[in-house]
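What follows is the residue order along each chain.
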Amino acid sequence: SAVISQKPSRDICQRGTSLTIQCQVDSQVTMMFWYRQQPGQSLTLIATANQGSEATYESGFVIDKFPISRPNLTFSTLTVSNMSPEDSSIYLCSVELAASYEQYFGPGTRLTVT
Amino acid sequence: AQSVTQLDSQVPVFEEAPVELRCNYSSSVSVYLFWYVQYPNQGLQLLLKYLSGSTLVKSINGFEAEFNKSQTSFHLRKPSVHISDTAEYFCAVSPNTGGFKTIFGAGTRLFVKA
């Protein structure tokens, strides 16, 4: 299994500012994922972050808005840039352990943009 | 491409009653199937998974799900629910052909009443 922590757990931000969310894993993993979960809805994959390469973004998400860093095998950050109220959501990071075919999720970061 | 349909957005049930949460999927390739649970204000946790072998899989807390290939379903059942089972339940599929990408259903909110 894997234990994942996220910082901050929640934040209230003003329109036009940026927030960087940190994700720390207690073991080395190749693949990390960032999801958005809007209130009452399912998870939407933002991007896949592999160490040593640029993140792969899903349709509807762009690097300028959601830059991702993956400096090593246990850590990643997601920045939500130039925020608007529509970015209010829960942001989750997850990892897949090799050959397990299952994902482990962090507790999430609840973002409110005013 | 894969898709997941959870047929019920909310399921209210009395404590100690049986429950079934329905999940159907579509895919042009073989898939792995998962149920995740999200308790209030927490991240997602894997409840159970089907990779291969026996089509009936069970969790440690009394839930079970059966893979039905002909009906492309993976319904989740529990014969007697507890108040503590109140949570959001997500069905998910992942292609077993490599190129990992998990698709999540919209979720079913199980509300157990005393």
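Structure: above.
All values derive from a computational prediction rather than experimental measurement.

K.L.:
Any chance you could break down the state of the cysteines for me, citing the residues and the numbers?
P.N.:
Applying the stated criterion to the full structure yields two disulfides over all chains. Across a sulfur-sulfur distance of 1.9 Å, A:Cys23 and A:Cys93 are joined as a disulfide pair. With the S-S dihedral at roughly 70 degrees, the linkage between A:Cys23 and A:Cys93 falls on the right-handed side. Of this pair, A:Cys23 sits in strand β3 (residues 19-25) while A:Cys93 sits in strand β9 (residues 89-96), placing them 70 residues apart in sequence. The same class applies to A:Cys23 as to A:Cys93, namely buried. The disulfide partner of B:Cys23 is B:Cys91, and the S-S distance across this bridge is 1.9 Å. The sign of the S-S torsion, about -65 degrees, decides the handedness of the disulfide formed by B:Cys23 and B:Cys91: left-handed. In this pair, B:Cys23 is assigned in strand β4 (residues 23-27) and B:Cys91 in strand β10 (residues 87-95), connecting sequence segments 68 residues apart. Under the relative-accessibility criterion, B:Cys23 is labelled buried at 0%. Not engaged in a disulfide, the cysteine A:Cys13 finds its nearest cysteine sulfur in A:Cys93; these two sulfurs lie 17 Å apart.

Here is what the cut-offs are and how they apply
Residues numbered from 1 in each chain as written. Chains lettered and ligands numbered in written order. Predicted model: local features only at pLDDT ≥ 70, side-chain atom pairs only at ≥ 80, totals over all residues. Heavy atoms only, no water. Disulfide = S-S within 2.5 Å. Helix = DSSP H or I, 4+ residues; strand = E, 2+ residues; numbered from the N terminus. Buried < 20%, exposed > 50% of the residue type's maximum accessible area, 1.4 Å probe, protein only.

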